[in-house]
Amino acid sequence: SLPSALELVAKAPVVPVVVIEQVEDAIPLARALVEGGLPLIEVTLRTPVALEAIRMIAAEVEGAIVGAGTVIDRAQIEASLEAGATFLVSPGTTPSLAEAFAQTPIPVMAGCATASEAMRLAELGFEILKFFPAEASGGAPFLKSIAGPLPHLRFCPTGGIGPANASDYLALPNVVAVGGSWVVPADAIRAGDFGKVRVLAAGAAGLKRAAKF
Ligand code: 3PG
């Protein structure tokens, strides 16, 4: 059976979605997020150094819970596990990816964007689904609507979420956390301004959520 993703997201209302361009940014960035109160860190597998960044954060940043994002195939699952990822996130879920996730020994937030996709993943045993791209796929009104017929489904929406709308999502009982890149702005990382990341993380960590755990 699949491991629990719920325990993981209970730790923070926001999962920062991180793109690491330079591997030397990985540790100071992760430290800033943890210090700000966001221990969950999704490092997207979109850059050549992403796996090395996961490896470094897992080994060296106390309190960080680092996962791999943008996982789209079995080889990336294996590489993420080998690097020390403690959770996996995907933007969408093909049948073969779902099969591979079901055999993965760490929590997974599998991506979906429609009622049918969400129902299929729930049937397969996935506890928390990534709703992506959240704003473009109907946003908080979609999640509010789906809670009527399908109240047992729980989501971590991502895509287009920021300080202006995060609370709209977190006010919903079926939203356990939100994901987003707004706490890790590319310009701040390029400038080495990890103090800014810490401040943004602290703001995000203070967001209230309605979901019960
Ligand atoms: C993701 O992979 O979840 C998104 O790229 C993050 O979306 P955002 O940049 O709109 O927060």
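Please read these numbers as outputs of a predicted model, since none were measured by experiment.

Points about the overall build of the chain
Line of reasoning, step 1. A count of helices and strands for the chain gives 10 helices and eight strands.
Line of reasoning, step 2. A globule of 213 residues ought to have a C-alpha radius of gyration of about 17 Å, and the chain, at 16 Å, matches this closely.
Line of reasoning, step 3. C-alpha extents for the chain along the principal axes are approximately 45 × 35 × 25 Å.
Line of reasoning, step 4. Relative to its 213 residues, the chain shows a buried fraction of 47%.
Line of reasoning, step 5. Across the chain, contacts joining residues at least 24 apart in sequence account for 63% of those joining residues at least 6 apart.

Digging into helix H3 (residues 50-60)
Line of reasoning, step 1. Buried within H3 we find Ala 50, Leu 51, Ala 53, Ile 54, Met 56 and Ile 57.
Line of reasoning, step 2. Among the structural elements, helix H2 (26-36), strand S2 (40-44), strand S3 (65-69) and helix H4 (74-83) are those in contact with the buried residues of H3.

Points about the packing of H2 against helix H10 (residues 194-205)
Line of reasoning, step 1. In contact at an axis separation of 7 Å, H2 and H10 are set at 35 degrees when each is read in the N-to-C sense. The element H2 and its partner H10 pack so that their crossing is right-handed. Across the interface between the two elements, Pro 28, Leu 29, Ala 32, Leu 33, Glu 35 and Gly 36 from H2 touch Phe 194, Val 197, Arg 198, Ala 201, Ala 202 and Ala 205 from H10.
Line of reasoning, step 2. Its residues assigned to classes, the contact of H2 with H10 comprises nine nonpolar, one polar and two charged.

Some details on unusual backbone geometry
Comment: phi is negative for the bulk of residues other than glycine, and the bulk of peptide bonds are trans.
Line of reasoning, step 1. Here the residue pair Phe 132 and Pro 133 is connected by a cis peptide bond, since its omega of -10 degrees sits within 30 degrees of zero.
Line of reasoning, step 2. On the secondary structure map, Pro 133 appears in the loop between strand S6 (128-131) and helix H7 (139-146).
Line of reasoning, step 3. At Thr 70, a position not held by glycine, the phi torsion is positive, near 55 degrees.
Line of reasoning, step 4. Inspection of the secondary structure puts Thr 70 in the loop between S3 and H4.
Line of reasoning, step 5. Among the residues examined, Thr 70 registers 19 C-beta atoms within 10 Å and is labelled partly exposed.

Quick look at the pairing of S2
Line of reasoning, step 1. The buried fraction of S2 is high, at four of five residues.
Line of reasoning, step 2. Here strand S1 (residues 14-18) runs beside S2; their pairing, made up of two bridges, is parallel. Within S2, the position partnered with Val 18 by the bridge is Val 43.
Line of reasoning, step 3. Considered for its hand, the β-α-β crossover made up of S1, H2 and S2 is right-handed.
Line of reasoning, step 4. Inspection of the sheet shows S2 paired to S3 by five bridges, in the parallel sense. Note that in S3 the partner of Val 43 across the bridge is Ala 68.
Line of reasoning, step 5. A crossover connection joins S2 to the parallel S3 through H3; in handedness this β-α-β unit is right-handed.

Quick notes on the nonpolar core
Line of reasoning, step 1. Within the largest apolar cluster, 76 residues are counted, with the highest numbers of intra-cluster contacts made by Leu 29, Ala 30, Ile 41, Ile 54, Ile 57 and Leu 129.
Line of reasoning, step 2. Beyond its immediate stretch of four places on either side in the chain, Ile 57 contacts Ala 26, Ile 27, Ala 30, Ile 41, Ala 64 and Val 66.

Conventions we followed
Residues numbered from 1 in each chain as written. Predicted model: local features only at pLDDT ≥ 70, side-chain atom pairs only at ≥ 80, totals over all residues. Helix = DSSP H or I, 4+ residues; strand = E, 2+ residues; numbered from the N terminus. Rg over C-alpha atoms; globule rule 2.2 N^0.38 Å. Buried ≥ 20, exposed ≤ 12 C-beta atoms within 10 Å, placed from the backbone. Contact = placed C-beta atoms within 7 Å. Axes fitted to C-alpha atoms, helices over the stretch in contact; angles between N-to-C directions. Left-handed = near helix turned anticlockwise from the far one by under 90°. Nonpolar A, V, L, I, M, F, W, Y, C, P; charged D, E, K, R; others polar. Pairing = 2+ DSSP bridges. Right-handed = clockwise from strand over helix to strand, strands pointing away. Core = buried A, V, L, I, M, F, W, Y, C linked by C-beta atoms within 7 Å.

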